[in-house]
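Residue-level structural notes
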Number of protein chains: 2
Amino acid sequence: MRIAELSRRAEVPIPTIKFYIREGMLPRGERSSATQARYGQTHLDRLTLIATLQKAGLTLPVIAQALRTMDSTPGDSPEFMAVAVGALPVRDYATSPEQTARAETVLRALVEQRGWDVSSDAPVWQAAVRAIAGLVALWPEPVTPDRMAVYAEVAERLAAVELPDGWNPSISPAEALRYAVLGTVLFEPVILSLRRLAHVDRGAKLRARRGSTS
Amino acid sequence: MRIAELSRRAEVPIPTIKFYIREGMLPRGERSSATQARYGQTHLDRLTLIATLQKAGLTLPVIAQALRTMDSTPGDSPEFMAVAVGALPVRDYATSPEQTARAETVLRALVEQRGWDVSSDAPVWQAAVRAIAGLVALWPEPVTPDRMAVYAEVAERLAAVELPDGWNPSISPAEALRYAVLGTVLFEPVILSLRRLAHVDRGAKLRARRGSTS
């Protein structure tokens, strides 16, 4: 199909399509003449994927990075999902080099305790170090591997459910990316808001128990 | 002490102190003459608390709301923490009224299954509905109470560890607020980044297993 039809079917304006091509987010069409190119299902699928990721709240630079990862990683590897997801931002706090070093020590001990097969080169590693460094900087109690163990345990439990043993390795890279990114950004607010809701429940129960014994 | 000393000791400029008083975030000093007021430890503590919450990345309106909640809630109630924490924002996605209604149904069923003592009036309830509505809108698989159960289970496990049976009910309201807000904002990135790290580990292990059987 020509670009006009691609634009109509994908509901994406032509200048936006050209922008995606310039940015390397969408492959060029097959040149059919000096001024025209032909586009196919691949282009339509890719535009749909970009639209989904945008709806999920990802910015264009993050989408571009995720697509680059997808295009340069073997698609049947679940590790691929982790690479794409590692590019997503996690909120940071200002911390000192000492606090970061302490966080790195805690994370290394934790990862060793749990027997996790993760490299400190992974972008998610740095995100975890920064998150723990925020705790070291501001949390009023000591931040130790033992204190962190329950969070690692819970993370393991979620990962085992989210990437089950029979996790379908034959889905396309685009499907894998869609699952990875949506699985991260859509489930994160669910996890956090259910934790807050569980705190309300826990508070009510502790209060009721205190009321009944006093 | 006079305002100049308060400013020096808290490391907060006088105009900022006056702003906090106007906004109701800091109590007025005790008037000692027509133009002067006296400030004490309470004021110093409150300024330190505001600074900590700011470092944790909270905006002034959120801090003001949390302080209002603190000042109007009995301080020995763990429920108070949940109220303050409910004011913190959770990321949202655009959803339709039908998707929101579906999310509300799923959440009600989930809360009933788990026996949670939470009211749908709580601000955290709405946050959970919006988070689940994001899933309903964009996740490619059906969103059912059973599918959500593992997240509720994990949330319960965290709440039980974070608000243990012997949770100290005699800490001051300011301490309670500090724990509640920091416990929310500092631990959230830890939870999310460890989940991402656990995905990397899980991916590596699934891949190794596939490698060894093929």
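Residues numbered from 1 in each chain as written. Chains lettered and ligands numbered in written order. Predicted model: local features only at pLDDT ≥ 70, side-chain atom pairs only at ≥ 80, totals over all residues. Heavy atoms only, no water.

A look at the interface of chain A and chain B
As a measure of interface size, the accessible area lost when the parts come together is often cited. With 83 residues of chain A at the contact, the number on the chain B side is 83 residues. For the pairing of chain A and chain B, the buried interface totals around 8,400 Å² over both sides, and the portion due to carbon and sulfur atoms is 69%. Salt-bridge contacts for Arg202(A) lead to Asp165(B); the nearest nitrogen and oxygen are separated by 2.9 Å. Viewed at the interface, chain B and chain A are joined by 18 residue pairs in polar contact (both at pLDDT 80 or more). Taken together, the elements giving at least two residues each to the side of chain A that touches chain B come down to helix H5 (78-86), helix H6 (97-114), helix H7 (123-138), helix H8 (145-162) and helix H9 (173-213) of chain A. Broken down by element, the residue count for the side of chain A that touches chain B peaks at 30 residues, all from H9(A). Here the side of chain A that touches chain B is composed, by residue class, of 52 nonpolar, 9 polar and 22 charged. (Contact = heavy atoms within 4.5 Å. Buried area = accessible area lost by both parts, 1.4 Å probe. Salt bridge = Lys/Arg side-chain N within 4 Å of Asp/Glu carboxyl O. Polar contact = N/O pair within 3.5 Å; in protein donor to acceptor, adjacent residues only side chain to side chain. Helix = DSSP H or I, 4+ residues; strand = E, 2+ residues; numbered from the N terminus. Nonpolar A, V, L, I, M, F, W, Y, C, P; charged D, E, K, R; others polar.)

Remarks on unusual backbone geometry
Notably, Glu11(A) is not glycine yet its phi reads approximately 55°, a positive angle. Tracing the sequence through the fold places Glu11(A) in the loop between helix H1 (3-10) and helix H2 (14-22).

Digging into the relation of the copies chain A and chain B
For the match of chain A to chain B, the screw axis carries a shift of 0.0 Å, the RMSD comes to 0.1 Å, and the turn is 180°. What the rotation and shift describe, once combined, is the action of a two-fold rotation axis. Across chain A, the rotation axis passes nearest the C-alpha of Val154(A), at a separation of 3.1 Å. Of the interface residues in chain A, 100% have counterparts in chain B that sit at the interface too, so the contact is made through matching surfaces. (Least-squares fit on C-alpha atoms with pLDDT ≥ 70 in both.)

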